[in-house]
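Residue strings, one per chain:
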Amino acid sequence: MHIALNKPKQLVVGLTGGIGSGKTAVSNRLQTLGATVIDTDEIAHSLTKAGGLAIPDIQQTFGRDALLPDGSMNRDYIRALVFKEPEQRIALEKILHPKIRQLVQQQLDAGAPLYFLLVVPLLFEKGGWGELMDEIIVVDCPVEQQVQRVIERNGWPETQVRAVIQNQATRETRLEGATQLIQNNGDLAELIEKIDFMHQKLIKKAQK
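Note that this is a predicted model, so its numbers are computed, not measured.

1. Examining the sheet that holds strand S5 (residues 180-183)
Think of a sheet as strands paired side by side through backbone hydrogen bonds, with each pair either parallel or antiparallel. Across the sheet, five strands lie side by side as S2-S3-S1-S4-S5; this open sheet has parallel pairing. In this open sheet, the two edge strands, each paired with only one partner strand, are strand S2 (36-39) and S5. Going from strand to strand, the sheet's axes swing by 20° on average, the running direction of each strand aside. Sheet topology places strand S1 (residues 12-16) next to strand S3 (residues 116-119); four bridges connect them, and they run parallel. Paired with Val 12 across the two strands is Phe 116, which belongs to S3. Helix H1 (residues 23-32) rests against S1, S2, S3, strand S4 (135-140) and S5 of the sheet, and its axis sits at about 150° to S1.

2. Digging into helix H10 (residues 188-207)
End to end, H10 covers 29 Å across 20 residues, agreeing with the expected 28 Å (1.5 Å per residue, within 8%). Those residues of H10 not exposed but buried are Leu 191, Ile 195, Met 198, His 199, Leu 202 and Ile 203. Relative to the axis of H10, the buried residues are bounded by an arc of 145° and lie together on one face. With respect to the buried face of H10, the exposed residues turned more than 90 degrees away are Ala 189, Glu 193, Phe 197, Lys 204 and Gln 207. If you follow the buried residues of H10, they end up packed against S1, H1, S4 and S5.

About the cut-offs
For every chain, the first residue of the written sequence is number 1, and numbering continues from 1 along that sequence. Residues qualify for local features only when their pLDDT is at least 70, as the model is predicted, and side-chain atom pairs are given and counted only at 80 or more; totals for whole chains, interfaces and linings, by contrast, use all residues. The side-chain numbers reported here are obtained from all heavy atoms of the structure, hydrogens and water having been left aside. When DSSP finds at least two bridges between two strands, those strands are taken to pair. Secondary structure elements follow DSSP: runs of H or I of four or more residues count as helices, runs of E of two or more count as strands, with numbering from the N terminus. Fitting a line to C-alpha atoms yields each axis, with helices limited to the stretch in contact; the angle taken between N-to-C directions then spans 0 to 180 degrees. Note on contacts: a residue pair is in contact if any heavy atoms of the two residues lie within 4.5 Å. Residue count minus one, scaled by 1.5 Å, sets the expected span of a helix. Burial classes follow relative accessibility: with a 1.4 Å probe on protein chains only, a residue under 20% of its type's maximum area counts as buried, one over 50% as exposed, and anything between as partly exposed. Throughout, the arc means the angular range of directions from the helix axis out to the C-beta atoms.

The structure is reproduced here in structure tokens:
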């Protein structure tokens, strides 16, 4: 299912972390500092919005109920479906993953002035990305902090947040796979300081 991707000459930095860890804050800040961000979640969203490249295949595979009246993918319907029937998740991934990798390759081919930041939320769950990456940054915080943040941000019930965390790679797996770590267990000012320091390290590595 993996399309082999061609590694660009620039530094490619992977970014991942569990739900509510603060990945978006990190990628937004690094983008402001000059990193060329490629976000696989954003690409997936563009594929599944009204008129997105994946919509015809989604309708053909899952039926009309899989789409909202505006023609975009019905996320709640699909989420419930793949939760009930794991083989449907595989069907969805077969549609999305090759298209995501194709679009990632296009962006890598376009080059980056400093370095690429490739945001892959399920980096350790899905595989097939690590061979592209020179560094892997993991944004980490205690599980209880993840739960609290997602409840405040999404308004989800605690059981739903814990179910998502349960389905993601364990904190230990992510920490073992990291080559760089950003601990996001303090306030935003503290996080920005850590991100800016990380950026300086990555610039030095990119220039070697």
